Amino acid sequence: MIKTVGVIGAGTMGNGIAQVFAQSGFSVTLVDVGQPLLDRARATIEKSLGKFVEKGKLSGSDRDAAIGRLRTATSLDELGAADYVVEAIVENAEAKRGLFMSLDAITRPDVILASNTSSISITLLGAATKRPDKVLGMHFMNPVPLMTLVEMIRGQATSAESMRTASDLCTTLGKTPIEAADYPGFIANRILMPMINEAIFAVMEGVGTPEAIDAVMKLGMNHPMGPLTLADFIGLDVCLAILNVLHDGIGDPKYRPCPLLRRMVAAGHLGRKTGRGFYPY
Ligand SMILES: NC(=O)c1ccc[n+]([C@@H]2O[C@H](COP(=O)([O-])OP(=O)(O)OC[C@H]3O[C@@H](n4cnc5c(N)ncnc54)[C@H](O)[C@@H]3O)[C@@H](O)[C@H]2O)c1
């Protein structure tokens, strides 16, 4: 029986994931490396829950109960009592492997360890543990409280039972699980990132301004958001990390990250989260 969920990483995704679990009645322990990051995440969650209340989609008492089920911690040792874990730290294979090794030592052996990775091999993460049958991908979409898709990734050694438990959990959260095989970028980013990358090449080559490119895709293709607005929303560092995984893992030059993307990330222009990307915020 899953009652307590550990979420590691309190950034863009981790706070949304913690929120949906808390909203669905689970006790949540949200872990990050520093208290200021956790305080910011809590404020973001409270603001998001407040918007649900304003729109009449959540009662004030349910909001208070959800907030009451959320605790924060700066040490992984607090996850000893967790029944299920979702990791949402930085998109870096070595950092994630190190974390999975620690989680393997800290959590009970029957606990499923899920990763929210956008592109990194689940099989590789599972191999860092003694329970690769209980390691899987649970790829939430941004913003987590609003997006219904969860891409579920089965690693080479992931058991059918673990996949079933995780998929049932998604349904409990009101989400729709869709299974993908463990290939770089899975389904979502294998298709999305080449489009974003191509839009950045188009900016670099002067084919159009960011505004023009986004308008073409919105008005002409009926996309709700242009690819450059979306890239700023995702985080340009995250986009670059995913493209590197696609490029290295598939080996096809069509996934080569655009030099302009590399330059913007090097400059610290990461999109919305730094106040500057293809647009100012
Ligand atoms: N941004 C998106 O739209 C999006 C969508 C789907 C999946 N993802 C994936 O979700 C994950 C997180 O992405 P994000 O955009 O939330 O990143 P982010 O940079 O906003 O947040 C990452 C957080 O992890 C923390 N962290 C780093 N190392 C840690 C460690 N060892 N222990 C505890 N905390 C640690 C950081 O302090 C930071 O607060 C990545 O794997 C990313 O690929 C992102």
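In this text the structure is predicted, and so the values were computed from the model without any measurement.

### Focus: empty space enclosed by the protein
Next, step 1: Scanning all chains against the criterion turns up one cavity of 30 Å³ or more.
Next, step 2: Taken as a whole, the largest cavity spans an internal volume of roughly 30 Å³.
Next, step 3: Every residue along the wall of the largest cavity is listed here: Gln19, Ala22, Ile45, Leu49, Ala66, Ile67 and Leu70.
Next, step 4: A per-class count over the lining of the largest cavity returns six nonpolar, one polar and no charged.

### Some details on the packing of helix H2 (residues 35-54) against helix H3 (residues 60-68)
Next, step 1: Running from N to C, H2 and H3 cross one another at 160°; their axes reach a closest spacing of 10 Å. In this view, H2 runs roughly antiparallel relative to H3, as classed from their interaxial angle. Crossing geometry of H2 relative to H3 is assigned as right-handed. Contacts between H2 and H3 involve Arg42, Glu46, Leu49, Gly50 and Val53 on the former and, on the latter, Gly60, Arg63, Ala66 and Ile67.
Next, step 2: Within the contact of H2 with H3, the residues separate by chemical class into four nonpolar, two polar and three charged.

### Quick look at the layout of surface pockets
Next, step 1: Volume-wise, the second largest pocket comes out at about 180 Å³.
Next, step 2: Looking at the second largest pocket, it is lined by 13 residues, and the ones nearest its centre are Asp110, Ile112, Lys134, Glu161 and Thr165.
Next, step 3: The biggest single contributor to the lining of the second largest pocket is helix H6 (residues 160-172), with three residues.

### Some details on the site of the ligand
Next, step 1: In the region of the ligand, 22 residues are neighbours, and Met13, Asp32, Glu91, Lys96 and Ser118 sit closest.
Next, step 2: One nitrogen or oxygen atom from the main chain of Met13 is found 2.8 Å from an oxygen atom belonging to the ligand.
Next, step 3: In the model, an oxygen atom of the ligand is placed 2.5 Å from a nitrogen or oxygen of the Glu91 side chain.
Next, step 4: In isolation the ligand offers 840 Å² of accessible surface; the protein chains occlude 83% of this area.
Next, step 5: Elements represented by at least two residues in the shell around the ligand include exactly helix H1 (12-23) and strand S6 (135-140).
Next, step 6: Broken down by class, the residue content of the shell around the ligand amounts to 10 nonpolar, eight polar and four charged.

### As for a nonpolar patch on the surface
Next, step 1: The grouping of Ile178, Ile187 and Ile191 at the surface amounts to a nonpolar patch, some 290 Å² of accessible area in total.
Next, step 2: Exposure remark for Ile178: the relative accessible area of 42% places this residue in the partly exposed category.

### Focus: the nonpolar core
Next, step 1: Ranked by internal contacts, the top residues of the largest apolar core, which has 36 residues, are Ile17, Phe21, Leu30, Tyr84, Leu136, Met138 and Phe140.
Next, step 2: Counting residues in each nonpolar core, the second largest holds 27 residues, with Phe201, Leu236, Met264 and Tyr279 among its members.

### Topic: the pattern of salt bridges
Next, step 1: One pass over the structure, following the stated rule, counts 10 salt bridges.
Next, step 2: Linked by salt bridges that have partners in common, Asp83, Arg108 and Asp110 make up one network.

Procedures and definitions
Residues numbered from 1 in each chain as written. Predicted model: local features only at pLDDT ≥ 70, side-chain atom pairs only at ≥ 80, totals over all residues. Heavy atoms only, no water. 1 Å grid on protein atoms, 1.4 Å probe; cavity = no way out; pocket = protein on both sides within 12 Å on 5 of 7 lines; lining within 4 Å. Points joined across faces, edges and corners; volume = space filled by probe spheres on them. Nonpolar A, V, L, I, M, F, W, Y, C, P; charged D, E, K, R; others polar. Axes fitted to C-alpha atoms, helices over the stretch in contact; angles between N-to-C directions. Helix = DSSP H or I, 4+ residues; strand = E, 2+ residues; numbered from the N terminus. Parallel < 35°, antiparallel > 145°, perpendicular 65-115°, else oblique. Left-handed = near helix turned anticlockwise from the far one by under 90°. Contact = heavy atoms within 4.5 Å. Near = heavy atom within 4 Å. Polar contact = N/O pair within 3.5 Å; in protein donor to acceptor, adjacent residues only side chain to side chain. Areas by Shrake-Rupley, 256 points an atom, 1.4 Å probe, with all protein chains shown as cover. Patch = residues over 30% accessible without salt bridge, like charges linked within 9 Å, V, L, I, M, F, W, Y side chains within 5 Å. Salt bridge = Lys/Arg side-chain N within 4 Å of Asp/Glu carboxyl O. Buried < 20%, exposed > 50% of the residue type's maximum accessible area, 1.4 Å probe, protein only. Core = buried A, V, L, I, M, F, W, Y, C linked by side-chain atoms within 4.5 Å.

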